[in-house]
Amino acid sequence: MGFFSALIKKKDKPLNLNIKADIKCPPITILYGTKTGNAQLVAQQAHKYYHQCGIESECYNMEKYDVGRLPAEHKLLVVVSTDGEGELPPNARKFFALLQHEEMPMLPNLQYAVCALGDSSYDNFCGAGKTIEKQLQKLGAQAIMSRVDCDLDFKKPALQWIQNSYDTITGVKKEAPIAEPEITEPDFISTTLTKRQQLTKGETPQAVYHIELDNTTNKVDYAAGDCIEIIPSNPIKLVDQIIDTLNLNQSQQLISNSHTLEYALLHQFEITKLTRPVIRRYMKININESLKRLYNDKEALRDYLVSSDVLDLIKDYPCQMDADEFISILQPLHSRYYSIASGAKAKADQIDLTVKTIRFQQKEREYEGAGSTYVNESLEEGAEIHFRLVANPSFHLPDDPATPLIMIGVGTGIAPYRAFLQDLKAQGIKNKAWLIWGDKHQTTDFLYEDELIDYYKNNTLAFINTAFSRDQEQKEYVQQRLIDYQDRLLEWLDDGAMIYLCGHNKMGDQVKQTLVHIYMNAKGMSEQEARAYLREQRNNNIIREDLY
Ligand SMILES: Cc1cc2nc3c(=O)[nH]c(=O)nc-3n(C[C@H](O)[C@H](O)[C@H](O)COP(=O)(O)OP(=O)(O)OC[C@H]3O[C@@H](n4cnc5c(N)ncnc54)[C@H](O)[C@@H]3O)c2cc1C
Ligand SMILES: Cc1cc2nc3c(=O)[nH]c(=O)nc-3n(C[C@H](O)[C@H](O)[C@H](O)COP(=O)(O)O)c2cc1C
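Residues numbered from 1 in each chain as written. Chains lettered and ligands numbered in written order. Predicted model: local features only at pLDDT ≥ 70, side-chain atom pairs only at ≥ 80, totals over all residues.

You'll find the chain entered in an unreviewed UniProt entry as Flavodoxin domain-containing protein, with Carboxylicivirga sediminis given as the organism.

(A) Local environment of the domain arrangement of the chain. Partitioning the chain into domains gives domain 1 (2–170), domain 2 (189–229 + 339–361 + 372–390), domain 3 (236–329) and domain 4 (393–547). Taking the mean C-alpha position of each, domain 1 and domain 4 sit 33 Å from one another. Counting residues at the interface gives 7 residues for domain 1, matched by 5 residues for domain 4. In the side of domain 1 that touches domain 4, the residues fall into 2 nonpolar, 2 polar and 3 charged. (Domains from an automatic or database assignment. Contact = placed C-beta atoms within 7 Å. Nonpolar A, V, L, I, M, F, W, Y, C, P; charged D, E, K, R; others polar.)

(B) The arrangement of the pairing of strand β12 (residues 350–356) in detail. For β12, the buried fraction is high: 5 of the 7 residues fall into the buried class. As paired elements, strand β9 (residues 208–214) and β12 share 7 bridges and run antiparallel to each other. Across the sheet, the residue bridging to Glu212 is Asp352, located in β12. (Buried ≥ 20, exposed ≤ 12 C-beta atoms within 10 Å, placed from the backbone. Helix = DSSP H or I, 4+ residues; strand = E, 2+ residues; numbered from the N terminus. Pairing = 2+ DSSP bridges.)

(C) Quick peek at the packing of helix α19 (residues 505–523) against helix α20 (residues 527–539). With their axes 9 Å apart at the nearest point, α19 and α20 run at an angle of 125 degrees to one another. The angle between α19 and α20 falls in the class oblique. As for how α19 packs across α20, the hand of that crossing is right-handed. Within the contact between the two elements, α19 uses Lys512, Leu515, Val516, Tyr519 and Met520 and α20 uses Glu527, Ala530, Arg531, Tyr533 and Leu534. For the contact of α19 with α20, the residue count by class is 7 nonpolar, no polar and 3 charged. (Axes fitted to C-alpha atoms, helices over the stretch in contact; angles between N-to-C directions. Parallel < 35°, antiparallel > 145°, perpendicular 65-115°, else oblique. Left-handed = near helix turned anticlockwise from the far one by under 90°.)

Here it is, written out as structure tokens:
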């Protein structure tokens, strides 16, 4: 057990409430893997519930858990969300790499249950939960009960999972529960949108805006790299079109809900996005052979979901429905995330955002995003906005200010880097940051151009390299700059630099692919070795990602 004894190190203090059990049951270990905190919330509620029921349990962030203890564990509860495209969240990667390690012992005495959190609009729904369960099974661990896959409205199934795990583990089905598990999320905070300024130049349907929110009245303590979540309202034009298509009355009072149909569509349900569960529920009301064929054709369904909204569904597959029936097929309106673009050390009294308007033409009509048009267009300066801080510890600045940073991004991926630069400047840290950033055109899309040039002039930025993809015949992207400056990249990595990636997923994939090629060429590695090296860099937080 050389490998694992090496792992037994100074342990981070678990959240241990040390309760003497009155029901005979071995202690339970609860692990969570999370990006935005939901899995942590579920795991901590499970821990609290077991405590209230008098059963000893320990709750750990997966990153802080000593995997060397696993062979001696008896009962393991795993709560894990999915990130990226079916990937493990950052704090679960190292844990998983150790589970896969060739020296990982078998776990025949381990019984486990997995609660997977995800979003059914993604192809790989709850992929991380499935991946971890598969590996536990490979190691001979036994499932206590079936894995539960929770969609964005995770609270109800997660609470049921906690309750069922208790019933199954203890073998005691409580007639009158000592306590009910509950999940309470932090409240949304009200503030004022104090400033909005267009960053892109000229008229464009996809304008990017700089937004400022007041952070003095209900001050939140944030760190550069964190995000906020906001609850949007839906575009009124889309609400009207849906009500017209269904031939319903906007002011009709719903039976299932204390609001009117118009209010519910504006503020309570998703209509700009379409998901499998919505189609599944619609099929129960609308018995339609071609809809059934679509649902059963995986490829066609995937194409339809990415290119359609709720209005398309009711137009393409019409059906007579009353307002309550219609509402019953929809998913609750979920929050949208925006990276904070201001540094807390420099500007603790405000929260800046960089938001791109989602608006595009398709199938002879205009489509708009709910969150981006709400922030960029519906709210006036001075309007009230509700938000909640989402800590993003895996994307913070390194603890050691001497660590060099290679910040790679496109478009609104600049937002957290602006926050980093403000904080670096406030701390007088010079020449430790290198920005590689791109968009379409220099003249219209160079977000925060003057500020970035100033950061370069005052040496907060050691280097700035841009890639404007459409300014020359042959498109060029940020990954080309990695190749152009490959020697500097390798030197910085040798000096202990961290690579940050922010912006859309596709850019992230291409940058990672380019890094693999660079490692192959420069370090003489095979593709397999270069991929393993990249994986190690990601597991060890040398590569940090905030991709969406
Ligand atoms: C951690 C995190 C940080 C983020 N930070 C930022 C940020 O700093 N700035 C920012 O502008 N956004 C950011 N986003 C994205 C943001 O949360 C929203 O997804 C985005 O604003 C679109 O939401 P919407 O409600 O306007 O569109 P939706 O109503 O969600 O979507 C409407 C339609 O547009 C399509 N669509 C959605 N997004 C895009 C897109 N990017 N390109 C093309 N079509 C799209 C959808 O598929 C759908 O068909 C972040 C996301 C995450 C997860
Ligand atoms: C950038 C991003 C990527 C995601 N990718 C997936 C995915 O591939 N599959 C999935 O089921 N859910 C995906 N989700 C949804 C999350 O798993 C879901 O929101 C979950 O509740 C988050 O839990 P957490 O706060 O513990 O991270 C993604 C969410 C974000 C923000």
